[in-house]
Amino acid sequence: MADNLATTATGFDTFVNNILNELDDEEVGGATSEVEDIDEVSIEDNHENSESEQSTEEMTDNSGDEMDTDDIPVRFFIGKNGHTLWMDQPPPQAVRVRSRNIVPAIHAPGVKTAAGKQATTPIQSWRLFFTDDVLQQIVECTNIKICQLQPNNSRERDAKETTLSEIKAVIGLLYLAGVKKSSHVTLKDLWETDGLGLELFRCVMNLSRFTFLLLAIRFDNILTRDERKEFDQLAPVREMFSQLVENFQKYYSPGHFMMLDEKLEAFRGKCPFRQFIKNKPAKYGLKLFSLVDTKMAYTYNLEIYAGKQPEGPFQVSNSAKDVTLRLIKPIENTGRNLTTDNWYTSVPLAIEMLDKKLTLVGTPRKNKAEIPPEFIVNKAVCSSIFGFDDNNITLVSYSAKKNKNVILLSSMHDSPTIDPDTGDKRKPEIITFYNSTKGGVDTTDQLSALYSVSRKTRRWPMVIFFCLLNTAGINAQVIVASNKRFEEQIVRRKFLQELGISLVKPFMEERAQMMNLPKELRHKSKSFCLLKKILQPLDKD
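Cut-off values and rules
- Residues numbered from 1 in each chain as written.
- Predicted model: local features only at pLDDT ≥ 70, side-chain atom pairs only at ≥ 80, totals over all residues.
- Heavy atoms only, no water.
- Axes fitted to C-alpha atoms, helices over the stretch in contact; angles between N-to-C directions.
- Helix = DSSP H or I, 4+ residues; strand = E, 2+ residues; numbered from the N terminus.
- Parallel < 35°, antiparallel > 145°, perpendicular 65-115°, else oblique.
- Contact = heavy atoms within 4.5 Å.
- Nonpolar A, V, L, I, M, F, W, Y, C, P; charged D, E, K, R; others polar.
- Buried < 20%, exposed > 50% of the residue type's maximum accessible area, 1.4 Å probe, protein only.
- Left-handed = near helix turned anticlockwise from the far one by under 90°.
- Core = buried A, V, L, I, M, F, W, Y, C linked by side-chain atoms within 4.5 Å.
- Salt bridge = Lys/Arg side-chain N within 4 Å of Asp/Glu carboxyl O.

Caption draft 1: Structural detail: the packing of helix α5 (residues 132–149) against helix α11 (residues 238–250). One way to put it is that α5 packs onto α11 with a least axis distance of 11 Å and a crossing angle of 170°. Classified by the interaxial angle, the pair formed by α5 and α11 is roughly antiparallel. Residues Val134, Gln137 and Ile138 of α5 touch α11, and the partners they reach there are Glu239, Met240, Gln243, Leu244 and Asn247. Within the contact of α5 with α11, the residues separate by chemical class into 4 nonpolar, 3 polar and 1 charged.

In structure tokens form, the structure reads like this:
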């Protein structure tokens, strides 16, 4: 049993290192890590010292072992609200080890369901999310729009109704364009016949048809959309988005440590809930809240920020606490930990999460009423002040540089432990844990940007569609890696290339039989379908 666990752990490390090395080897455009290392966080200057620093240091030795505190008087700190009480020593525990962060066997990390465990190829794992039912719904909604566009199109062949295999081919071409990093290349260049284009694209479908389908593709019934928009601004994507998120949760159980953060999908078109976030690479776009498995970069839950919804079933609070509680609902009572930044983190949220058997580690804003003034004015470099309350919440203020400190809150840690691996910096264990788990959403953003399927569009539903395709590509790779127990090295570019080829192959074979196509094009299509080095391994369904 121990040997098996060791093998799995080694394989997992190899998988993660391959993913991160691929990010390092490639230039990622437009996606950078939003969260700085905790040492680099700047705060306002201050000129006061805290007497609590010395007493805290006396409680912990350099090795990280807790000292005997029986003879040390307890100091108290009072929050700015005047009633939140913190002690500089942990309260006595009735039990030796608190029952937190213990994930029940039923919620153990890994692939769930028999169907999920049988997915060992890119196309098999991708179909877990974009099922034929989801794609057939897109086909039907697209054909409704095509019927409206047909009278205005001069070429009947380009404006005919679409099929399931053709929609899959469109998606496959989007993945293949992403693999070639052509999301910002004009479509005409991809179909060039002068040797600079991609011959495979012309064998799958002609440029005018591909352009028409991107224009016509819809994800809801446009004939009834106006009625649904009266109480839901997300009506154009609601059904597809909900189904995809449900599938993300259906087939995979995330790890012990998760990260919640927002992501911004670039968009400058017309949209009532478009956001401006100055510290994001794109600045303008659609904001989504994302719950991610920190180690595997698996997106487990998503929510689109839609601003203030009309009165009705979709009108919800957009406060940080309520957003967090909605996103973590699928992992309630599972013993997991959530890492958050300062927009989400608060003492009331940490307390409520403990009732749901979840812990929280995050950076609260310094203006929170529960934070004592002494924690804001910490000055001595590489020193820490700890505070413990009777709700099992730990607060720490660490001075990384002169006159600059950071504050972290944790319901996972319950002692003033210093990480011995940080040497003279003497960082609290809470901080090193936060630094190791804060980058889950940033990693998925970087992976998405590396081989993005996104294309320039004026329709915000297409932005959501591209986002879901990128996310499904990442999640599908995690499924395959888990099922193969990380025994084989997985290169993301090859994974997406095989996925794209698998999606276009059925339609390319159909097209190769069309006698009205030029003979040369039919022969090239047949040749591509016979290239084993490209088309295998493929799903045999």
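Caption draft 2: Inspection of unusual backbone geometry at higher detail. A positive phi angle, near 60°, is found at Asn333, a position not held by glycine. For Asn333, the location among the structural elements is in the loop between α12 (320–327) and β9 (337–340). Take Asn333: its relative accessible area is 42%, and that puts it in the partly exposed class. Even without glycine at this site, Asn392 takes up a positive phi of about 65°.

Caption draft 3: Highlighting the packing of α12 against helix α13 (residues 347–355). Put simply, α12 and α13 touch, their axes get as near as 10 Å, and they point 25° apart. One finds that α12 runs roughly parallel with respect to α13. The hand of the α12/α13 crossing is right-handed. Contacts between α12 and α13 involve Lys321, Thr324 and Leu325 from the first element and Pro348, Leu349 and Glu352 from the second. Of the residues contributing to the contact of α12 with α13, the split by class is 3 nonpolar, 1 polar and 2 charged.

Caption draft 4: Region of the structure containing the nonpolar core. Counting 114 residues, the largest nonpolar core has Trp126, Phe130, Tyr175 and Phe465 as the members making the most contacts within it. Residue contributions to this core peak at 15 residues, all from helix α16 (residues 460–483). Ignoring any residue separated from it by four or fewer positions in sequence, one finds Phe130 in contact with Leu135, Leu244, Phe465, Leu468, Leu469 and Ala472. Within the second largest apolar cluster, 14 residues are counted, among which are Val396, Tyr398, Val406 and Ile430.

Caption draft 5: Expanded view of the pattern of salt bridges. Taken as a whole and judged by the stated rule, the model has 12 salt bridges. Here Arg326 ties to Glu303 by a salt bridge, and the two come within 2.8 Å at their closest N and O atoms. Remark: Glu303 occurs in strand β8 (residues 298–304) and Arg326 occurs in helix α12; sequence separation between them is 23 residues. Taking relative accessible area as the criterion, Arg326 reaches 26% and is therefore assigned partly exposed. One network of salt bridges, in which partners are shared, links Asp220, Arg225 and Arg228.

Geometric descriptors of this kind do not, in isolation, establish any biological role.
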